[in-house]
Amino acid sequence: MRIDIVTALPEIVAGPLEHSILRRARQKGLVDVRVHDLRRYATDKHRTLDDYPFGGGAGMVLKPEPIFACIEALKADAEAEGGAVDEIVYLTPDGERFDQRIANELSMKQHVVLLAGHYKGVDQRVRDVLVTRELSIGDYVLSGGELPALVVVDALVRLIPGVLGDATSALSDSFQDGLLDAPAYTRPATFRGMSVPDVLRSGDHEKVAAWREAERLHKTRERRPDLLGDE
Ligand code: ADE
């Protein structure tokens, strides 16, 4: 899978890609994540990326020219290699709410471009013409789309076959089948007087599975009844 992150602030996204699961997935060649600095596509003397909004108002708007130049170059490269960009996602608080279902769907694409807006957003013509999907990571406003883009990358990459050591572990995540995850314990069996539930140490796999299922249902009913449809 190939993921391109288009941003005016490449420094923000670079760090997390260099650690842990994302780093290993890249090293193993399971995903090719590239970060593109919009400033490289700004053509004027000052390499301007943003400008005042027509009609007035607070905040600056990312100009269309550098974004069109960058994304058109990515599309042309993909086509030259015999492929295509499958989805151009713009991260914005007024987008569709990102969830596990959308993560699953996007993780099956070959080539995804993530556009991080900044300041007061991007020129609407970018959204009208280039963007194929708009996603929000939640009902709160961040200062830009860089952290949301990283959230999406992380959620997608861990679903790519081979990325997680244990092939089943993404499948048993919270949300993957509509339920929250069961509690987890490791050694020591007793810590500060608190013991691990006996069933987990019984060695009886069927009992363990039944216990986990019951815990998942219980937690979901308590915390997220909306997931069970009985809110
Ligand atoms: N940009 C700023 N806030 C955001 C959010 N909540 N989701 C996606 N992109 C954003």
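Thresholds applied
- Residues numbered from 1 in each chain as written.
- Predicted model: local features only at pLDDT ≥ 70, side-chain atom pairs only at ≥ 80, totals over all residues.
- Heavy atoms only, no water.
- Near = heavy atom within 4 Å.
- Polar contact = N/O pair within 3.5 Å; in protein donor to acceptor, adjacent residues only side chain to side chain.
- Areas by Shrake-Rupley, 256 points an atom, 1.4 Å probe, with all protein chains shown as cover.
- 1 Å grid on protein atoms, 1.4 Å probe; cavity = no way out; pocket = protein on both sides within 12 Å on 5 of 7 lines; lining within 4 Å.
- Sits in = over half its atoms within 2 Å of the grid points.
- Helix = DSSP H or I, 4+ residues; strand = E, 2+ residues; numbered from the N terminus.
- Nonpolar A, V, L, I, M, F, W, Y, C, P; charged D, E, K, R; others polar.
- Salt bridge = Lys/Arg side-chain N within 4 Å of Asp/Glu carboxyl O.
- Contact = heavy atoms within 4.5 Å.
- Core = buried A, V, L, I, M, F, W, Y, C linked by side-chain atoms within 4.5 Å.
- Buried < 20%, exposed > 50% of the residue type's maximum accessible area, 1.4 Å probe, protein only.
- Pairing = 2+ DSSP bridges.
- Axes fitted to C-alpha atoms, helices over the stretch in contact; angles between N-to-C directions.

Student: With reference to specific residues and values, describe the site of the ligand.
Tutor: The immediate surroundings of the ligand are formed by Leu91, Thr92, Pro93, Leu135, Ser136, Ile137, Gly138, Tyr140, Val141, Leu142, Gly144 and Pro148. Backbone polar atom of threonine 92 to a nitrogen atom of the ligand: 3.1 Å apart, as the coordinates give it. Between the ligand and tyrosine 140, the relevant distance is 2.8 Å, taken from a nitrogen atom to a main-chain nitrogen or oxygen of the residue. Protein chains bury 97% of the 260 Å² of accessible surface belonging to the ligand in isolation. More than half of the atoms of the ligand fall within 2 Å of the grid points belonging to the largest pocket. The set of elements that each furnish at least two residues to the shell around the ligand consists of β5 (87-97) and β7 (133-136). With 3 residues, β5 is the largest single contributor of residues to the shell around the ligand. A class-by-class count of the residues in the shell around the ligand yields 8 nonpolar, 4 polar and no charged.

Student: Residue-level account of the pattern of salt bridges, with values.
Tutor: Inspection of every chain in the model, using the stated rule, returns 16 salt bridges. Here aspartate 94 ties to arginine 127 by a salt bridge, and the two come within 2.9 Å at their closest N and O atoms. Of this pair, aspartate 94 sits in strand β5 while arginine 127 sits in helix α5 (residues 124-129), placing them 33 residues apart in sequence. When salt bridges with common partners are traced through the structure, they connect Glu96, Arg101, Glu105 and Arg133 into a single cluster.

Student: Account for the side chain of threonine 220, naming residues and giving values.
Tutor: In this fold, threonine 220 is placed in helix α7 (residues 205-223). Once residues within four sequence positions are removed from consideration, threonine 220 is found in contact with Gly178, Leu179, Leu180, Pro225, Leu227 and Leu228.

Student: Describe the nonpolar core, with residues and values.
Tutor: It is characteristic of soluble globular proteins that their nonpolar side chains tend to be buried jointly. Within the largest apolar cluster, 30 residues are counted, with the highest numbers of intra-cluster contacts made by Ile3, Ile5, Val31, Leu114, Val153 and Val157. Listed by contribution, the elements that provide at least two residues to this core are β1 (2-7), α2 (20-27), β5, α4 (100-107), β6 (111-116) and α6 (146-157). With 7 residues, the top contributor of residues to this core is α6. Among all residues touching valine 153, those that are not within four sequence positions of it are Ile3, Ile5, Leu17, Leu22 and Leu114.

Student: How would you explain the sheet that holds β5 if you had to name every residue and give the values?
Tutor: The 5 strands are arranged β2-β1-β6-β5-β7 in an open sheet whose pairing can be described as parallel. Strands at the two margins of the open sheet, each flanked by one partner only, are β2 (32-37) and β7. The average angle at which neighbouring strand axes cross in this sheet is 30°, direction not considered. Bridging between β5 and β7 involves 5 bridges; their strand directions are parallel. In the strand pairing of β7, valine 89 is matched with arginine 133. α6 contacts β1, β5 and β6 of the sheet and is inclined by roughly 175° relative to β1.

Purely geometric numbers; function is a separate question.
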